[in-house]
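If you want the building blocks of each chain, they are given just below.
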Amino acid sequence: MNVIREWLDEKKEKLHFTLIDPDKQKPEKAAKIADISSSYGTDAIMIGGSTVNRKRVEATTIATKDAIDLPVIIFPNSANAVTEFADYIFFMCLLNSRKRRFLIEEQIAGAPLIRKFGLHPIGMGYIVISTGKRKTTIEKLTDLDLIRDGDIDRLLSYALTAQYYGMHCVYLEAGSGAEKPIPNEMIMAVHEALDIPLIVGGGIRDGKTARDKIEHGADVIVTGTIAEEDLDKLREIIETVKGYRI
Ligand code: 1GP
């Protein structure tokens, strides 16, 4: 079962996921952001960040589940983020990392916990693109085989690898707070080559940009930072994504 595909087919709409970083606010505030996002029409809440610890992930997940009725998906930075209180977890491989840790070790550590907790894993090929001059946190932490704006063939090699491995989706990530989002031509190239759902996030701050990404082939738009900074813009983004007719 590919749950992202099912949601897309059932709703016949593009999807918006709200990312909450448990390190950025207390669980009560996180639950409030989830509640507001839900009222604007977001489809799921993702919980994760680059420095989170298990207790914080758990507390934020519990508070969020209590506040809303939407699916909660863990977006883990390591096996330490696996918590029994969520519904789903992105079982992800950072395909263009050079570190064994992000390619397979954290997955091996997390897999038995996923089974024990009965979490539903969503296999994901995670590809980080370096879109700006300034390094994002994820770029600093993960020792990347750099993919820059214009490296379409190499991006396609990675994205096809995800599909041929049987992963359920590909996530093109510009990094939280990125100066520039994923370029349109990269989204279009991956969209044309792949059959699995395409998730796009990082640096999306307004409805026009979200629309641009969807028009070029994104199936799911992820936003994180904007919910902490400007709720009107969050609303604009969600309404744009949900109002888009396929
Ligand atoms: C990061 O793509 C997400 O994993 C969201 O990025 O915080 O820039 O919206 P922003």
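Thresholds, definitions, all that
- Residues numbered from 1 in each chain as written.
- Predicted model: local features only at pLDDT ≥ 70, side-chain atom pairs only at ≥ 80, totals over all residues.
- Heavy atoms only, no water.
- Helix = DSSP H or I, 4+ residues; strand = E, 2+ residues; numbered from the N terminus.
- Rg over C-alpha atoms; globule rule 2.2 N^0.38 Å.
- Buried < 20%, exposed > 50% of the residue type's maximum accessible area, 1.4 Å probe, protein only.
- Contact = heavy atoms within 4.5 Å.
- Lys, Arg positive; Asp, Glu negative; His and termini not counted.
- Charge placed at Lys NZ, Arg CZ, Asp CG, Glu CD.
- Core = buried A, V, L, I, M, F, W, Y, C linked by side-chain atoms within 4.5 Å.
- Pairing = 2+ DSSP bridges.
- Axes fitted to C-alpha atoms, helices over the stretch in contact; angles between N-to-C directions.

Visitor: Help me understand the overall build of the protein, please; the structure alone is not making it clear to me.
Guide: For the protein, the helix and strand inventory stands at ten helices and eight strands. Since a compact globule built from 246 residues should have a radius of gyration of about 18 Å, the 16 Å found for the protein is in line with a globular shape. Taken across its 246 residues, the protein has 57% of its residues classed as buried. Pairs at least 24 apart in sequence give 73% of the contacts found in the protein among residues at least 6 apart. Each charge class in the protein can be summarised by its mean position, and for the 33 positive and 37 negative side chains these summaries are 4 Å apart.

Visitor: So what exactly am I meant to see when it comes to the nonpolar core here?
Guide: Among the nonpolar cores identified, the biggest contains 56 residues, and Ile 127, Leu 155, Val 170, Leu 172, Ile 182 and Val 190 are the most heavily contacted of them. Residues contacting Leu 155, with those up to four places away along its chain left out, are Ile 127, Ile 129, Ile 147, Leu 172, Met 186 and Val 190. Within the second largest apolar cluster, 27 residues are counted, among which are Phe 17, Phe 90, Ile 138 and Cys 169.

Visitor: Please clarify how the sheet that holds strand E2 (residues 44–47) should be interpreted in this entry.
Guide: Think of a sheet as strands paired side by side through backbone hydrogen bonds, with each pair either parallel or antiparallel. What the eight strands build is a closed barrel, ordered E1-E2-E3-E4-E5-E6-E7-E8; its pairing is parallel. Looking at each pair of strands side by side, their axes are set apart by 30° on average, direction ignored. As paired strands, E2 and strand E3 (residues 72–74) are joined by three bridges and run parallel to one another. Counted as the bridge partner of Met 46 is Ile 73 from E3. The strands that helix H2 (residues 27–40) touches are strand E1 (15–20) and E2; relative to E1, the one it contacts most, it runs at about 170°. In the packing of helix H6 (residues 152–164) onto the sheet, the strands contacted are strand E5 (120–128) and strand E6 (169–173), and the crossing angle to E5 comes to about 170°.

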